[in-house]
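A look at the structure
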Amino acid sequence: MRAWNFSAGPATLPEPVLRQAQAEMLEWRDAGASIVELSHRGAEFIEVAQQAEADLRRLLSVPDDYAVLFLQGGATTQQALIPLNFAAPGQTVDYVLSGHWGKTAVKQARPYVAVNIAASSEDGGFRGIPPRAQWQLSPDAAYVHITANETIHGVEFRDVPDVGGVPLVADFSSSIASEPIDVSRYGVIYGGAQKNLGPVGICFVIVRRDLLERAGQPRADILDYRSHAAKESMLNTPPTWNWYMLGLTVKWMLAEGGVEEFARRNARKAALLYAEIDGSGGFYRNEVDPAVRSRMNVPFFLHDEALNKPFLEEAKAAGLIALKGHRALGGMRASIYNAMPEAGVQALADFMREFRRRHG
Ligand SMILES: *Cc1c(COP(=O)(O)O)cnc(C)c1O
(Lines give C-alpha, C1' and ligand atoms only; values in the text may rest on other atoms or scores of the structure.)
Protein backbone atom coordinates (compact mmCIF):
# COMPACT_ATOMS: atom_id res chain seq x y z
CA MET A 1 0.00 0.00 0.00
CA ARG A 2 1.27 3.51 -0.77
CA ALA A 3 2.13 5.48 2.36
CA TRP A 4 2.06 9.25 2.83
CA ASN A 5 5.60 10.01 1.67
CA PHE A 6 7.29 13.13 3.11
CA SER A 7 10.60 12.58 1.33
CA ALA A 8 12.54 15.78 0.53
CA GLY A 9 13.65 14.54 -2.89
CA PRO A 10 13.27 12.44 -4.87
CA ALA A 11 9.79 13.06 -3.56
CA THR A 12 6.26 11.77 -3.85
CA LEU A 13 4.67 12.06 -7.30
CA PRO A 14 0.97 12.52 -8.02
CA GLU A 15 -0.73 9.13 -8.09
CA PRO A 16 -2.56 9.86 -11.39
CA VAL A 17 0.84 10.56 -12.99
CA LEU A 18 2.25 7.24 -11.81
CA ARG A 19 -0.87 5.44 -13.04
CA GLN A 20 -0.66 7.03 -16.47
CA ALA A 21 3.04 6.19 -16.72
CA GLN A 22 2.21 2.64 -15.71
CA ALA A 23 -0.51 2.37 -18.34
CA GLU A 24 1.83 3.73 -21.02
CA MET A 25 4.88 1.78 -19.91
CA LEU A 26 4.74 -0.97 -22.54
CA GLU A 27 3.34 1.10 -25.35
CA TRP A 28 3.01 4.87 -25.64
CA ARG A 29 -0.21 5.64 -27.58
CA ASP A 30 0.06 3.40 -30.64
CA ALA A 31 3.78 3.89 -31.18
CA GLY A 32 4.54 0.18 -30.84
CA ALA A 33 7.04 0.91 -28.06
CA SER A 34 7.42 2.74 -24.78
CA ILE A 35 8.33 6.43 -25.11
CA VAL A 36 11.66 5.68 -23.42
CA GLU A 37 12.55 3.20 -26.17
CA LEU A 38 12.12 5.68 -29.02
CA SER A 39 14.58 8.12 -30.55
CA HIS A 40 14.66 11.58 -29.05
CA ARG A 41 14.68 12.87 -32.63
CA GLY A 42 11.52 11.00 -33.61
CA ALA A 43 8.12 12.67 -34.01
CA GLU A 44 6.71 10.93 -30.91
CA PHE A 45 9.29 12.20 -28.45
CA ILE A 46 9.52 15.64 -30.07
CA GLU A 47 5.79 15.97 -29.42
CA VAL A 48 6.21 14.93 -25.78
CA ALA A 49 9.13 17.34 -25.31
CA GLN A 50 7.46 20.33 -26.93
CA GLN A 51 4.21 19.74 -25.07
CA ALA A 52 6.08 19.61 -21.75
CA GLU A 53 7.79 22.91 -22.49
CA ALA A 54 4.55 24.57 -23.62
CA ASP A 55 2.78 23.32 -20.48
CA LEU A 56 5.57 24.46 -18.15
CA ARG A 57 5.55 27.88 -19.82
CA ARG A 58 1.80 28.07 -19.26
CA LEU A 59 2.00 26.82 -15.67
CA LEU A 60 4.62 29.42 -14.71
CA SER A 61 3.53 32.19 -17.14
CA VAL A 62 7.02 32.30 -18.63
CA PRO A 63 7.42 35.36 -20.90
CA ASP A 64 8.53 34.81 -24.52
CA ASP A 65 11.87 36.50 -23.98
CA TYR A 66 12.91 33.63 -21.70
CA ALA A 67 14.34 30.32 -22.91
CA VAL A 68 13.35 27.12 -21.10
CA LEU A 69 16.05 24.44 -21.03
CA PHE A 70 15.75 20.83 -19.86
CA LEU A 71 19.18 19.56 -18.84
CA GLN A 72 20.97 16.82 -16.93
CA GLY A 73 23.46 17.02 -14.09
CA GLY A 74 21.12 18.11 -11.33
CA ALA A 75 20.83 21.53 -9.78
CA THR A 76 24.40 21.18 -8.55
CA THR A 77 25.80 21.10 -12.09
CA GLN A 78 23.79 24.22 -12.96
CA GLN A 79 25.45 25.89 -9.96
CA ALA A 80 28.77 25.44 -11.79
CA LEU A 81 27.39 26.32 -15.24
CA ILE A 82 25.85 29.59 -14.05
CA PRO A 83 29.19 31.35 -13.38
CA LEU A 84 30.68 29.75 -16.51
CA ASN A 85 27.89 31.10 -18.68
CA PHE A 86 27.07 34.46 -17.12
CA ALA A 87 30.30 35.84 -15.60
CA ALA A 88 33.71 36.64 -17.04
CA PRO A 89 36.74 34.81 -15.57
CA GLY A 90 37.39 36.20 -12.10
CA GLN A 91 34.44 38.60 -12.25
CA THR A 92 32.63 39.38 -9.01
CA VAL A 93 29.35 37.60 -8.29
CA ASP A 94 27.13 38.10 -5.23
CA TYR A 95 25.67 35.23 -3.21
CA VAL A 96 23.15 35.53 -0.41
CA LEU A 97 23.17 32.53 1.91
CA SER A 98 20.09 31.38 3.81
CA GLY A 99 20.94 27.69 4.11
CA HIS A 100 22.89 24.67 2.94
CA TRP A 101 22.17 24.94 -0.80
CA GLY A 102 23.41 28.49 -1.09
CA LYS A 103 26.71 27.19 0.24
CA THR A 104 26.89 24.43 -2.37
CA ALA A 105 26.22 27.06 -5.03
CA VAL A 106 29.20 29.06 -3.76
CA LYS A 107 31.38 25.96 -3.73
CA GLN A 108 30.57 25.24 -7.38
CA ALA A 109 31.18 28.86 -8.41
CA ARG A 110 34.47 29.54 -6.60
CA PRO A 111 36.84 28.01 -9.21
CA TYR A 112 35.57 30.45 -11.85
CA VAL A 113 34.66 33.75 -10.26
CA ALA A 114 35.29 36.06 -7.31
CA VAL A 115 32.46 35.15 -4.96
CA ASN A 116 31.26 37.88 -2.65
CA ILE A 117 29.05 36.61 0.19
CA ALA A 118 26.76 39.62 0.17
CA ALA A 119 24.88 38.38 3.23
CA SER A 120 24.51 35.19 5.23
CA SER A 121 22.36 33.94 8.08
CA GLU A 122 24.81 31.12 8.87
CA ASP A 123 25.89 32.68 12.19
CA GLY A 124 22.30 32.36 13.36
CA GLY A 125 22.16 28.72 12.24
CA PHE A 126 20.29 29.56 9.02
CA ARG A 127 17.06 30.26 10.86
CA GLY A 128 16.18 33.28 8.75
CA ILE A 129 17.01 35.42 5.74
CA PRO A 130 19.44 38.32 6.18
CA PRO A 131 17.44 41.58 5.94
CA ARG A 132 17.79 43.15 2.51
CA ALA A 133 19.10 46.40 4.05
CA GLN A 134 22.17 44.52 5.31
CA TRP A 135 23.19 42.99 1.98
CA GLN A 136 26.61 44.16 0.79
CA LEU A 137 26.05 43.96 -2.96
CA SER A 138 28.92 44.63 -5.37
CA PRO A 139 28.28 47.42 -7.86
CA ASP A 140 29.89 45.42 -10.70
CA ALA A 141 28.50 41.96 -9.91
CA ALA A 142 27.64 39.73 -12.87
CA TYR A 143 24.56 38.50 -10.97
CA VAL A 144 23.09 38.03 -7.50
CA HIS A 145 22.34 34.44 -6.48
CA ILE A 146 19.71 33.42 -3.93
CA THR A 147 18.08 30.14 -2.92
CA ALA A 148 14.33 30.72 -3.12
CA ASN A 149 13.63 27.87 -0.72
CA GLU A 150 16.24 26.17 1.43
CA THR A 151 15.16 22.54 1.43
CA ILE A 152 17.16 21.44 4.48
CA HIS A 153 16.85 24.49 6.73
CA GLY A 154 13.23 25.20 5.82
CA VAL A 155 13.77 28.88 5.04
CA GLU A 156 11.94 30.50 2.13
CA PHE A 157 12.02 33.94 0.54
CA ARG A 158 8.49 35.32 0.78
CA ASP A 159 9.12 38.16 -1.66
CA VAL A 160 11.51 38.93 -4.48
CA PRO A 161 14.46 41.02 -3.28
CA ASP A 162 15.18 44.19 -5.22
CA VAL A 163 18.72 43.99 -6.61
CA GLY A 164 18.47 46.88 -9.05
CA GLY A 165 19.58 46.17 -12.59
CA VAL A 166 21.77 43.18 -11.73
CA PRO A 167 20.23 39.87 -12.87
CA LEU A 168 18.79 37.84 -10.01
CA VAL A 169 19.62 34.13 -10.26
CA ALA A 170 17.45 31.90 -8.08
CA ASP A 171 17.64 28.23 -7.17
CA PHE A 172 13.99 27.16 -7.20
CA SER A 173 14.65 23.41 -6.88
CA SER A 174 12.25 22.89 -4.02
CA SER A 175 9.56 25.52 -4.56
CA ILE A 176 9.06 25.83 -8.31
CA ALA A 177 5.35 25.89 -9.22
CA SER A 178 4.27 25.99 -5.58
CA GLU A 179 2.74 29.46 -6.03
CA PRO A 180 2.62 32.15 -8.75
CA ILE A 181 5.91 33.92 -9.37
CA ASP A 182 6.77 36.90 -11.57
CA VAL A 183 9.40 35.32 -13.82
CA SER A 184 10.31 38.73 -15.24
CA ARG A 185 11.85 39.70 -11.89
CA TYR A 186 14.57 37.07 -12.39
CA GLY A 187 17.43 36.65 -14.83
CA VAL A 188 17.67 32.90 -14.26
CA ILE A 189 15.42 30.43 -12.45
CA TYR A 190 16.80 26.92 -12.15
CA GLY A 191 16.46 23.69 -10.25
CA GLY A 192 16.20 19.95 -10.28
CA ALA A 193 12.78 18.49 -11.02
CA GLN A 194 12.81 15.88 -8.26
CA LYS A 195 11.25 17.99 -5.51
CA ASN A 196 8.20 19.60 -7.00
CA LEU A 197 8.13 18.99 -10.74
CA GLY A 198 8.70 15.33 -11.49
CA PRO A 199 11.38 12.67 -11.23
CA VAL A 200 15.11 13.07 -10.64
CA GLY A 201 17.40 13.17 -13.68
CA ILE A 202 16.21 16.36 -15.30
CA CYS A 203 16.65 20.06 -14.51
CA PHE A 204 14.86 23.19 -15.64
CA VAL A 205 16.74 26.39 -16.47
CA ILE A 206 14.59 29.38 -17.32
CA VAL A 207 16.85 32.12 -18.61
CA ARG A 208 16.25 35.61 -19.97
CA ARG A 209 17.48 35.43 -23.55
CA ASP A 210 19.66 38.54 -23.44
CA LEU A 211 21.79 36.85 -20.76
CA LEU A 212 22.59 34.08 -23.24
CA GLU A 213 24.51 36.67 -25.24
CA ARG A 214 27.03 37.15 -22.46
CA ALA A 215 30.47 35.78 -23.35
CA GLY A 216 30.95 34.03 -20.02
CA GLN A 217 34.09 31.90 -19.78
CA PRO A 218 35.90 29.45 -22.08
CA ARG A 219 33.82 26.27 -21.91
CA ALA A 220 32.99 23.17 -23.89
CA ASP A 221 29.91 23.26 -26.08
CA ILE A 222 28.08 20.82 -23.80
CA LEU A 223 28.51 23.25 -20.88
CA ASP A 224 27.18 26.18 -22.92
CA TYR A 225 23.58 27.23 -22.33
CA ARG A 226 23.57 28.98 -25.73
CA SER A 227 24.14 25.68 -27.51
CA HIS A 228 21.44 23.95 -25.49
CA ALA A 229 19.03 26.79 -26.26
CA ALA A 230 19.87 26.70 -29.97
CA LYS A 231 19.27 22.93 -30.08
CA GLU A 232 16.12 23.00 -27.90
CA SER A 233 17.86 20.97 -25.17
CA MET A 234 18.72 18.20 -27.64
CA LEU A 235 22.39 18.92 -28.11
CA ASN A 236 22.93 15.34 -27.01
CA THR A 237 20.51 12.62 -25.91
CA PRO A 238 18.22 14.17 -23.30
CA PRO A 239 16.79 12.14 -20.38
CA THR A 240 13.67 11.23 -22.32
CA TRP A 241 11.85 9.28 -19.60
CA ASN A 242 12.36 12.05 -17.06
CA TRP A 243 11.22 14.68 -19.56
CA TYR A 244 8.09 12.66 -20.27
CA MET A 245 7.40 12.25 -16.53
CA LEU A 246 7.95 15.96 -15.94
CA GLY A 247 5.46 16.64 -18.73
CA LEU A 248 2.83 14.41 -17.11
CA THR A 249 3.41 16.10 -13.74
CA VAL A 250 3.05 19.61 -15.19
CA LYS A 251 -0.12 18.59 -17.04
CA TRP A 252 -1.54 17.27 -13.80
CA MET A 253 -0.75 20.58 -12.06
CA LEU A 254 -2.53 22.52 -14.80
CA ALA A 255 -5.56 20.23 -14.58
CA GLU A 256 -5.71 20.70 -10.80
CA GLY A 257 -6.00 24.46 -11.22
CA GLY A 258 -2.42 25.64 -11.74
CA VAL A 259 -0.13 27.52 -9.40
CA GLU A 260 -2.89 29.70 -7.92
CA GLU A 261 -4.66 26.59 -6.66
CA PHE A 262 -1.43 25.03 -5.37
CA ALA A 263 -0.59 28.26 -3.55
CA ARG A 264 -3.88 27.96 -1.65
CA ARG A 265 -3.41 24.26 -0.88
CA ASN A 266 0.23 24.72 0.13
CA ALA A 267 -0.62 27.62 2.45
CA ARG A 268 -3.27 25.50 4.17
CA LYS A 269 -0.96 22.48 4.45
CA ALA A 270 1.90 24.50 5.94
CA ALA A 271 -0.41 26.36 8.34
CA LEU A 272 -1.81 23.07 9.61
CA LEU A 273 1.61 21.62 10.34
CA TYR A 274 3.12 24.75 11.91
CA ALA A 275 0.01 25.12 14.09
CA GLU A 276 0.48 21.58 15.34
CA ILE A 277 4.15 22.31 16.14
CA ASP A 278 3.56 25.71 17.73
CA GLY A 279 0.59 24.48 19.70
CA SER A 280 2.45 21.53 21.20
CA GLY A 281 3.67 23.41 24.28
CA GLY A 282 7.30 22.79 23.36
CA PHE A 283 6.92 19.07 22.65
CA TYR A 284 7.75 19.89 19.02
CA ARG A 285 9.62 22.94 17.85
CA ASN A 286 10.53 24.67 14.59
CA GLU A 287 13.28 27.25 15.00
CA VAL A 288 12.85 29.27 11.80
CA ASP A 289 11.80 32.93 11.83
CA PRO A 290 8.01 32.61 11.30
CA ALA A 291 8.13 35.30 8.59
CA VAL A 292 10.24 33.09 6.32
CA ARG A 293 9.21 29.59 7.29
CA SER A 294 9.14 27.32 4.25
CA ARG A 295 5.78 26.20 2.91
CA MET A 296 7.49 23.19 1.31
CA ASN A 297 9.89 21.75 3.89
CA VAL A 298 9.01 21.80 7.57
CA PRO A 299 11.95 20.81 9.80
CA PHE A 300 11.07 20.17 13.42
CA PHE A 301 12.61 18.76 16.55
CA LEU A 302 11.17 16.73 19.40
CA HIS A 303 11.87 18.14 22.87
CA ASP A 304 13.53 14.84 23.82
CA GLU A 305 15.99 13.32 21.31
CA ALA A 306 15.30 9.88 22.74
CA LEU A 307 11.84 10.10 21.20
CA ASN A 308 13.20 10.40 17.64
CA LYS A 309 13.41 6.67 17.07
CA PRO A 310 9.95 5.81 18.41
CA PHE A 311 8.52 8.78 16.48
CA LEU A 312 9.88 7.47 13.18
CA GLU A 313 8.89 3.87 13.94
CA GLU A 314 5.37 4.71 15.01
CA ALA A 315 4.95 7.10 12.08
CA LYS A 316 5.94 4.35 9.69
CA ALA A 317 3.49 1.96 11.29
CA ALA A 318 0.82 4.64 10.81
CA GLY A 319 1.63 4.89 7.08
CA LEU A 320 3.79 8.04 7.24
CA ILE A 321 7.29 7.65 5.80
CA ALA A 322 10.52 9.58 5.14
CA LEU A 323 10.19 12.00 8.07
CA LYS A 324 13.79 11.73 9.28
CA GLY A 325 15.53 15.11 9.16
CA HIS A 326 18.62 15.80 7.06
CA ARG A 327 21.78 14.59 8.77
CA ALA A 328 23.10 18.17 8.86
CA LEU A 329 20.26 19.23 11.18
CA GLY A 330 18.92 16.07 12.82
CA GLY A 331 15.36 15.94 14.08
CA MET A 332 12.51 15.56 11.61
CA ARG A 333 11.51 17.09 8.32
CA ALA A 334 8.20 16.90 6.52
CA SER A 335 8.38 17.85 2.85
CA ILE A 336 4.94 18.80 1.61
CA TYR A 337 5.27 19.58 -2.08
CA ASN A 338 2.41 19.99 -4.55
CA ALA A 339 1.95 16.23 -4.91
CA MET A 340 1.33 15.78 -1.17
CA PRO A 341 -2.45 15.94 -0.67
CA GLU A 342 -3.96 17.87 2.21
CA ALA A 343 -5.19 14.54 3.58
CA GLY A 344 -1.56 13.42 3.96
CA VAL A 345 -0.64 16.51 5.99
CA GLN A 346 -3.79 16.09 8.07
CA ALA A 347 -2.77 12.48 8.76
CA LEU A 348 0.67 13.67 9.89
CA ALA A 349 -0.78 16.39 12.14
CA ASP A 350 -3.19 13.86 13.68
CA PHE A 351 -0.35 11.41 14.26
CA MET A 352 1.81 14.12 15.87
CA ARG A 353 -0.97 15.08 18.27
CA GLU A 354 -1.61 11.46 19.18
CA PHE A 355 2.13 10.78 19.64
CA ARG A 356 2.42 13.79 21.93
CA ARG A 357 -0.57 12.58 23.97
CA ARG A 358 1.07 9.19 24.44
CA HIS A 359 4.62 10.41 25.10
CA GLY A 360 4.09 13.88 26.56
C1 LIG B 1 18.03 19.22 -3.91
C2 LIG B 1 18.54 20.59 -4.09
C3 LIG B 1 19.73 20.86 -4.80
C4 LIG B 1 20.62 19.77 -5.35
O5 LIG B 1 20.01 19.11 -6.41
P6 LIG B 1 20.75 17.93 -7.18
O7 LIG B 1 19.75 17.62 -8.25
O8 LIG B 1 20.96 16.82 -6.21
O9 LIG B 1 22.03 18.46 -7.72
C10 LIG B 1 20.11 22.18 -4.95
N11 LIG B 1 19.38 23.18 -4.47
C12 LIG B 1 18.23 22.96 -3.76
C13 LIG B 1 17.45 24.12 -3.24
C14 LIG B 1 17.78 21.66 -3.57
O15 LIG B 1 16.65 21.44 -2.90
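Residues numbered from 1 in each chain as written. Predicted model: local features only at pLDDT ≥ 70, side-chain atom pairs only at ≥ 80, totals over all residues. Heavy atoms only, no water.

1. Overview of the sheet that holds strand S12 (residues 297-302)
For the record, the criterion: Here, a strand pair is defined by DSSP locating no fewer than two bridges between the strands. Only runs of H or I of at least four residues qualify as helices and only runs of E of at least two qualify as strands under DSSP, and these elements are numbered from the N terminus. Throughout, a residue-residue contact means that at least one pair of heavy atoms, one from each residue, lies within 4.5 Å. Geometry is summarised by axes, namely lines fitted to C-alpha atoms with helices restricted to the contacting stretch, and by angles between N-to-C directions that run from 0 to 180 degrees.
Sheet architecture is open: three strands sit in the order S11-S12-S14, paired in antiparallel fashion. Taken across any chain shown, the strands that pair with only one partner, and hence form the sheet edges, are strand S11 (284-285) and strand S14 (332-335). In this sheet, S14 lies alongside S12 in antiparallel orientation, the contact comprising four bridges. If you follow Asn-297 over to S14, its bridge partner there is Ser-335. Where helix H7 (residues 258-278) meets the sheet, its contacts fall on S11, S12 and S14, and the angle it forms with S12 comes to roughly 15°.

2. Some thoughts on the sheet that holds strand S4 (residues 114-120)
Judged by pairing direction, the sheet is mixed, and its seven strands sit side by side in the order S2-S10-S9-S8-S5-S3-S4 without closing on themselves. Strand pairing shows two members of the sheet lacking a second neighbour, strand S2 (66-71) and S4, which therefore form its edges. Sheet twist, expressed as the average angle between the axes of neighbouring strands with direction ignored, equals 20°. Two elements, strand S9 (residues 188-192) and strand S10 (residues 203-208), share five bridges in a ladder whose sense is antiparallel. In the strand pairing of S10, Val-188 is matched with Val-207. Where helix H2 (residues 43-60) meets the sheet, it contacts S2 and S10, and its direction lies at approximately 125° from that of S2. In this fold helix H4 (residues 100-109) packs onto strand S3 (92-97), S4, strand S5 (144-147), strand S8 (168-171) and S9, with an angle of close to 160° to the strand it touches most, S3.

3. Observations regarding the packing of aromatic side chains
Counted only if it meets this: Between rings of Phe, Tyr and Trp, where Trp is taken as its six-membered ring, a pair exists when centres lie within 6.5 Å; planes separated by under 30 degrees are stacked, by over 60 edge-to-face, and by other angles tilted. Working definition: with a 1.4 Å probe on protein chains only, accessible area under 20% of the residue-type maximum means buried, over 50% means exposed, and in between means partly exposed. Distance and angle both matter: a charge sits over a ring if NZ of Lys or CZ of Arg is within 6 Å of the ring centre and within 35 degrees of the ring normal.
Evaluated as defined, the whole model comprises 16 aromatic pairs. Geometrically, the ring pair formed by Phe-283 and Tyr-284 is edge-to-face, given 4.8 Å between the ring centres and 80° between the ring planes. With relative accessibility at 5%, the residue Phe-283 sits in the buried group. Arranged with centres 5.9 Å apart and planes meeting at 75°, the rings of Phe-300 and Phe-311 form a pair that is edge-to-face. Of this pair, Phe-300 sits in strand S12 while Phe-311 sits in helix H8 (residues 308-317), and the two are 11 residues apart along the sequence. You'll find Phe-300 and Phe-311 in the same group, each marked buried. Grouping aromatic residues by their ring pairs yields a cluster made of Phe-283, Tyr-284, Phe-300, Phe-311, Phe-351 and Phe-355. For the cation-ring pair, Lys-195 lies above Trp-101, with the distance from its terminal atom to the ring centre recorded as 5.6 Å. The ring of Phe-262 is capped by Arg-265, whose NZ or CZ atom sits 5.0 Å from the centre of that ring.

4. Side note on the site of the ligand
Spelled out, the test is: Near residues are defined by distance, with any heavy atom within 4 Å of the molecule or strand qualifying the residue. Think of a polar contact as two N or O atoms within 3.5 Å of one another; within protein, one of them needs to be a possible hydrogen donor and the other a possible acceptor, and neighboring residues in sequence only count if both atoms come from side chains. Under the convention adopted here, Pro, Cys and the residues Ala, Val, Leu, Ile, Met, Phe, Trp and Tyr are nonpolar, Asp, Glu, Lys and Arg are charged, and Gly plus all remaining residues are polar.
Neighbouring the ligand are Gly-74, Ala-75, Thr-76, Trp-101, Thr-147, Asn-149, Thr-151, Asp-171, Ser-173, Ser-174, Gln-194 and Lys-195. Thr-76 places a polar side-chain atom, nitrogen or oxygen, 2.5 Å from an oxygen atom of the ligand. In this structure, an oxygen atom belonging to the ligand sits 2.6 Å away from a side-chain N or O atom of Lys-195. With three residues, helix H3 (residues 74-86) is the largest single contributor of residues to the shell around the ligand. Classifying every residue of the shell around the ligand by side-chain character gives two nonpolar, eight polar and two charged.

Everything listed is a geometric property; what it means functionally is a separate question.
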